[in-house]
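Structural overview
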Amino acid sequence: MEYGAKNIRWAPITAEPTGALPTYGPAVRLGELNQVADNPSFVEAKAAGDNNATARYVRKFQQATVDVTVLDILNEVASAIFGAKINETQKKDLHFNKDDKPPYGGMAFYTENLMEDDKVKYQGIFYTKAKANMQGKTYDTTGDSITLSSSKVQFVSTACNNGDWKVESALLDTEAEAEAWAEEKLPAGT
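Residues numbered from 1 in each chain as written. Predicted model: local features only at pLDDT ≥ 70, side-chain atom pairs only at ≥ 80, totals over all residues. Heavy atoms only, no water.

**Remarks on the pairing of strand E5 (residues 54-70)**
Just so we agree on the cut-off: Two strands are said to pair when DSSP picks up at least two bridges between them. Put simply, DSSP H or I for four residues or longer makes a helix, DSSP E for two residues or longer makes a strand, and each gets a number counted from the N terminus.
Sheet analysis places strand E4 (residues 33-48) next to E5, joined by 15 bridges and oriented antiparallel. Within E5, the residue paired with Ala37 across the bridge is Asp67. Hairpin connection between E4 and E5: a loop of 5 residues separates the two successive antiparallel strands, and Asn52 in this loop has a positive phi of roughly 55°. Both E5 and strand E10 (residues 151-157) contribute to a ladder of 7 bridges, which runs antiparallel. Bridge pairing in E10 places Thr69 opposite Lys152.

Structure representation (C-alpha cells):
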C-alpha cells in the first residue's frame, strides 16, 4: 500500500533515439510533492462476427494525464516546464506568453509502501515523455481563516519511441535506493 510520495523531478528531453528511452538534460525539482495522480486513456474498437458477439477487439494506449500537486513552484521551475520567460532586468519577473511552448521531458519520483508485517519498501515511478499544461490558480484573502493553496500542474504523458510511457521500479529496500533509482533516470543539474 502506497502512503507517501517524494522528491519529484523533471528534466527536458534532449534526444529521442529510435527504439530507446529519450535522453534528458539536467533535472530540476518541481517542488515539495503533495500528490501525483495518473489517468491513462485508450482508444478501442470492436466488431461483431457470425454469432452476433464480439469477434474482434483492439485497445491501444493513447496518452495519460498526470496531475501533480506541489506546495510551491518557483519561477525557474515554471520557466523550465511551461516555456515561460524570466526577465532578468525586471527583478526576475516570470512572463507567461501566448506563444510559450512547453517542452517534453521526463518526470520521476518515488513512493513509500507499507507491506505485510509492517515492512516499508520503496518504489520509483518514471514518466518517460510528458508535457506540462498550466492549471488555473485561486488566490484567497485571509478573511476569518487562512486557506493554504498548492500549485497544480497537469502533464500529458505520451509513449516515447520505444513504446514506454511509464516505468515502475521493483520494490526497493531503502529510501536511498529509491532516490538513486530516480537520480539515475533523471540526474540533477549541477
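**Considering the pairing of strand E8 (residues 104-114)**
What counts here: Classification of residues uses two cut-offs on accessible area relative to the type maximum, computed with a 1.4 Å probe and protein chains only: under 20% is buried, over 50% is exposed, and between them is partly exposed.
Judged by how many residues are buried, E8 sits mostly within the fold: 9 of 11 residues are covered. In terms of strand pairing, strand E1 (residues 2-15) meets E8 through 8 bridges, oriented antiparallel. Paired with Ala11 across the strands is Gly106, a residue of E8. Here E8 runs beside strand E9 (residues 120-134); their pairing, made up of 10 bridges, is antiparallel. Counterpart to Leu114 in the pairing with E9 is Val120. Linking E8 back to E9 in an antiparallel pair, the connection comprises 5 residues, with Asp117 at a positive phi of about 60°.

**Re the side chain of Ser151**
Tracing the backbone through its elements, the reader meets Ser151 in strand E10. What makes Ser151 buried here is its relative accessible area of 10%.

**What about the confidence of the model for the protein?**
Spelled out, the test is: What pLDDT reports is the predictor's confidence in each residue, on a scale of 0 through 100.
For the protein, per-residue confidence averages 92 on the pLDDT scale, and residues scoring 70 or more make up 99% of the total. When the elements of the protein are averaged for pLDDT, strand E6 (residues 85-87) gives the smallest value, 90, and strand E11 (residues 166-168) the largest, 97.

**Brief notes about helix H2 (residues 175-185)**
In plain terms, the rule: Here the arc refers to the directions that run from the helix axis out to each C-beta atom. Any two residues having at least one pair of non-hydrogen atoms within 4.5 Å are treated as being in contact.
Residues Ala178, Trp181 and Ala182 constitute the buried set of H2. The buried residues of H2 all sit within an arc of 95° when viewed along its axis, so they share a single face. Residues of H2 that are exposed and point over 90 degrees away from its buried face: Ala176 and Glu184. Those residues of H2 hidden inside the fold are in contact with E1, E8, E9 and E11.

**Thoughts on the packing of aromatic side chains**
Filter applied, for reference: In this analysis, rings of Phe, Tyr and Trp, with Trp reduced to its six-membered ring, are considered paired at centre separations within 6.5 Å, and the interplanar angle assigns stacked below 30 degrees, edge-to-face beyond 60, and tilted for intermediate values.
For the coordinates displayed, the defined rule picks out 6 aromatic pairs. With a centroid separation of 5.8 Å and 70° between ring planes, the pair formed by Tyr24 and Phe126 is classed as edge-to-face. Remark: Phe126 occurs in strand E9 and Tyr24 occurs in strand E2 (residues 23-24); sequence separation between them is 102 residues. On the basis of an interplanar angle of 10° and a centroid distance of 4.9 Å, the ring pair of Phe61 and Trp165 is categorised as stacked. Separated by 104 residues along the polypeptide, Phe61 in strand E5 and Trp165 in the loop between E10 and E11 bring together distant segments of the chain.

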